[in-house]
Amino acid sequence: MGLFNSFKEGAKNELKRRAVRAALSGTKIFLRTLIAIIGPISVLIAVVLLIFMTIYIQFAGGRAATGMESIDKQYKDLTEKYTVYANTMHVYLDETHLLSSEAYDLVYNTGDIYKFTKDEILTEGDLATGVLFLSYSTGTAVDDPETKKIKEEYFESTAKDLSPTLWYKRQLLKTYYDTIERDEEGKPYIVTKEVDSYVYLLVRSNNLTGDKVFNYEIVWKEYTTVDEETGLTLKTKYQVAEFKGSTLLSPLYKRLDDFIATRLQVKSDDVPFTRRMFLEASRGYNMTEERLAWLTEDSAYGSGFFISTADIPPYLWDMIHELSEKYGIPWWFTAAVIMKESSFRIDAENPKTGAWGLMQVMPENWEAYTKLLGYDPEKDRLNPRAQIEVGLYILREYLGSINWDSPDWKEQTLKGLARYGGYAGSDALERCRREYASVIWEYADSFRDNTPVWPAPGNYTITSKFGLRIHPILGVEKFHEGIDIAGNTGDPVVAAVNGKIAYAGWISGYGNTIVLRTPTHDFLYGHLSQIYVSAGQIVTKGQKIGAIGSTGLSEGPHLHFGVSIGDWINKNWIDPLTVIQKP
């Protein structure tokens, strides 16, 4: 009997068994709420709910939503099909349609500089949910009765309906930097050199959430250092592509809603509910929660200990600072509210209230204040700048005048936070303090006090930047997944942030390696000569954890420092200089 047929015949019994266990786990409350919803809706939606519960239970059983393997181990071979068809997409680079191999390399190996791609591609969970929903809602027999496996045609058709189209731009960025040379008499003088580098920008995406464009501005930045030997001041001036927001060209979730209405044959009134079930089933559970649980287990540290400015997505950094200054609210407080409300998820939505986005703005407020501030409530729905500004406009009104330098600034913000968080009643302030404000205050302290420090104190020369380069040993063009910091063997390297050591040992290529983990990032230290920590150890910012060396594939002593979003094994590398500032 095929997997899907097994689900069809066993779903009722399975849900009955799990409903009993739910009384002990707290899920019973969730089921009561959903049952209350089912009453007035169609039979079809009840079926969709049944699917949702089955998939959700399987996906949320301690693993990420990674396809059929997480549903049933005996169908492990089907994971390959999910991977193949989930990676089916149209990719354009500077208006040129890429071949499949070129598209795969750009999307999964190179990626765009801000890593927007990872949120735009079709996941295996999306594809699995699409096929399952198709089977249940239309009665389609997706199993091959002879092979007991899913027919390939359903992977193909579902992937075709759901796969994104992505447009990239190869952007030239210039850097001018001063270096010291000496004349015939040995006197030092400054020479300015020019370097061209290229990054990939995701400029448009048409996926499940809709058709949208990403807006950037190329700006100049600079910093100066003083050469210790000569005392000369050296300037570096460089271009960066600053993210300025995104604009929807279509209604939100148009692609997904079209799939639900046409392929799943769901009535228009029932599409929003079905969409919610689809998205929840696909997401499985939040990986950040799993990482945070691992970080805090068996330790006396709370979650705030591990929060730092590195947890702020790089593309939001400048926006948060700029808009916070505009509305007179400290950036670290804004970041704390966003962390509490959405964990920096632009598409976060409260299914009960309809609150939306980074700041979880209520629907009626979104409609009114976007127009007041010059945004479009529909086109700017996924625009982080609009979400932050609308939230800050409302928050400033609720907070009133706060003396942020006062020791009791937290108490001063309590009433405003209670109003922003929707607390009412005689015990509103106490409940707000306990459930909401205290968490924001803890995050605020962490963002303000736990700014990452430079990983190689005393060594500030970057000999190789993040991005494409000619590998110094292999001699071929290769993507450099971090930065190289020059130093001498034995020079100390320190924990950039508070965190937990995820790995300490040898990794091919990197040599002696340390991986420092936080709820959202991994920090990789490579080519070390010495390792002073062990896996599972809690470390504090600035603590010495190793020493510079030249182990692994290296041509001389230096520190390779890499920063990834999530587990470093998944290769979601970002430029370390977007989360850590050079002294």
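Treat the numbers as computed from the prediction; the structure is a model and nothing was measured.

Student: Just checking my understanding: could you explain the overall build of the protein for this structure?
Tutor: A tally of helices and strands in the protein yields 17 helices and 21 strands. Scored against the burial criterion, the 583 residues of the protein give a buried share of 49%. In the protein, the proportion of contacts linking residues at least 24 apart, taken out of those at least 6 apart, comes to 66%. When the accessible area of the protein is evaluated, it comes to approximately 27000 Å², of which 50% is carbon and sulfur surface.

Student: I tried to follow the environment of Leu-93 on my own but got confused; where do I start?
Tutor: Checked against the element boundaries, Leu-93 lands in strand E1 (residues 90-93). Taking the C-alpha atoms as reference, Leu-93 lies 9.8 Å from Val-203; in sequence the two are 110 residues apart. Leaving out residues up to four positions away in the same chain, Leu-93 has contacts with Leu-98, Tyr-168, Lys-169, Arg-170 and Tyr-200.

Student: Help me understand unusual backbone geometry in this model?
Tutor: Keep in mind that most residues, glycine aside, have a negative phi and that most peptide bonds are trans. Unlike most non-glycine residues, Glu-95 shows phi in positive territory, near 75°. With respect to the secondary-structure elements, Glu-95 resides in the loop between E1 and strand E2 (96-97). Residue His-527 is not a glycine yet carries a positive backbone phi of 70°. Here His-527 lies in strand E16 (residues 521-528).

Student: Could you clarify how one ought to interpret the packing of helix H8 (residues 152-162) against helix H9 (residues 254-263) in this entry?
Tutor: Helix packing for two helices is described by the angle between their axes and how far apart those axes are. Between H8 and H9, the least distance of the axes is 9 Å, while the angle of their chain directions is 140°. Overall, the two elements H8 and H9 adopt an arrangement that is oblique. Across from Ser-157, Thr-158, Lys-160, Asp-161 and Leu-162 in H8, the residues of H9 making contact are Arg-255, Phe-259 and Arg-263. In terms of residue class, the contact of H8 with H9 is made up of two nonpolar, two polar and four charged.

Student: Sorry if this is basic, but what is going on with the environment of Leu-256 here?
Tutor: On the secondary structure map, Leu-256 appears in helix H9. As a C-alpha pair, Leu-256 and Leu-162 span 94 residues in sequence and 7.2 Å in three-dimensional space. Not counting residues up to four positions away in its chain, the partners in contact with Leu-256 are Leu-208, Arg-275, Phe-278 and Leu-279.

Student: Before we go on, may I ask you to explain the packing of aromatic side chains in this structure?
Tutor: Think of a pair of aromatic rings as described by two things: how far the centres are apart, and how the planes are tilted against each other in angle. Evaluation of the coordinates by the stated rule reveals 28 aromatic pairs. Considering the side-chain rings of Phe-333 and Trp-409, the 6.1 Å spacing of their centres and the 85° angle between planes classify their relative orientation as edge-to-face. Here Phe-333, found in helix H13 (residues 331-342), pairs with Trp-409, found in helix H16 (residues 409-420); they are 76 residues apart in sequence, far enough to count as distant. By relative accessible area, which is 0% here, Phe-333 ends up buried. Among the residues examined, Trp-409 registers a relative accessible area of 4% and is labelled buried. Consider the rings of Phe-344 and Phe-447, whose centres lie 6.4 Å apart with planes at 85°: the pair is edge-to-face. With Phe-344 in the loop between H13 and helix H14 (363-372) and Phe-447 in helix H17 (residues 428-449), this residue pair connects regions lying 103 residues apart in the sequence. Given the relative accessible area of 7%, Phe-344 is considered buried. Exposure remark for Phe-447: the relative accessible area of 0% places this residue in the buried category. Ring-pair connections join several aromatic residues into one group, and the members of that group are Tyr-114, Phe-116, Phe-214, Tyr-216, Phe-243 and Tyr-315. Lying over the aromatic face of Trp-167, Arg-204 brings its terminal NZ or CZ to 4.4 Å of the ring centre.

Student: What exactly am I supposed to notice about H9 here?
Tutor: In an α-helix there are 3.6 residues to a turn, and that puts residues three or four apart on one side. Within the span of H9, buried status applies to Arg-255, Leu-256, Asp-257, Phe-259 and Ile-260. Packed against the buried residues of H9 are helix H7 (124-138), H8, strand E6 (188-207) and helix H10 (271-283). Phi for Gln-265, located one or two positions after H9, is positive at around 60°.

Reading guide: rules and limits
- Residues numbered from 1 in each chain as written.
- Predicted model: local features only at pLDDT ≥ 70, side-chain atom pairs only at ≥ 80, totals over all residues.
- Heavy atoms only, no water.
- Helix = DSSP H or I, 4+ residues; strand = E, 2+ residues; numbered from the N terminus.
- Buried < 20%, exposed > 50% of the residue type's maximum accessible area, 1.4 Å probe, protein only.
- Contact = heavy atoms within 4.5 Å.
- Areas by Shrake-Rupley, 256 points an atom, 1.4 Å probe, with all protein chains shown as cover.
- Axes fitted to C-alpha atoms, helices over the stretch in contact; angles between N-to-C directions.
- Parallel < 35°, antiparallel > 145°, perpendicular 65-115°, else oblique.
- Nonpolar A, V, L, I, M, F, W, Y, C, P; charged D, E, K, R; others polar.
- Phe/Tyr/Trp six-rings, centres within 6.5 Å; stacked < 30°, edge-to-face > 60°.
- Lys NZ or Arg CZ within 6 Å of the ring centre and 35° of its normal.

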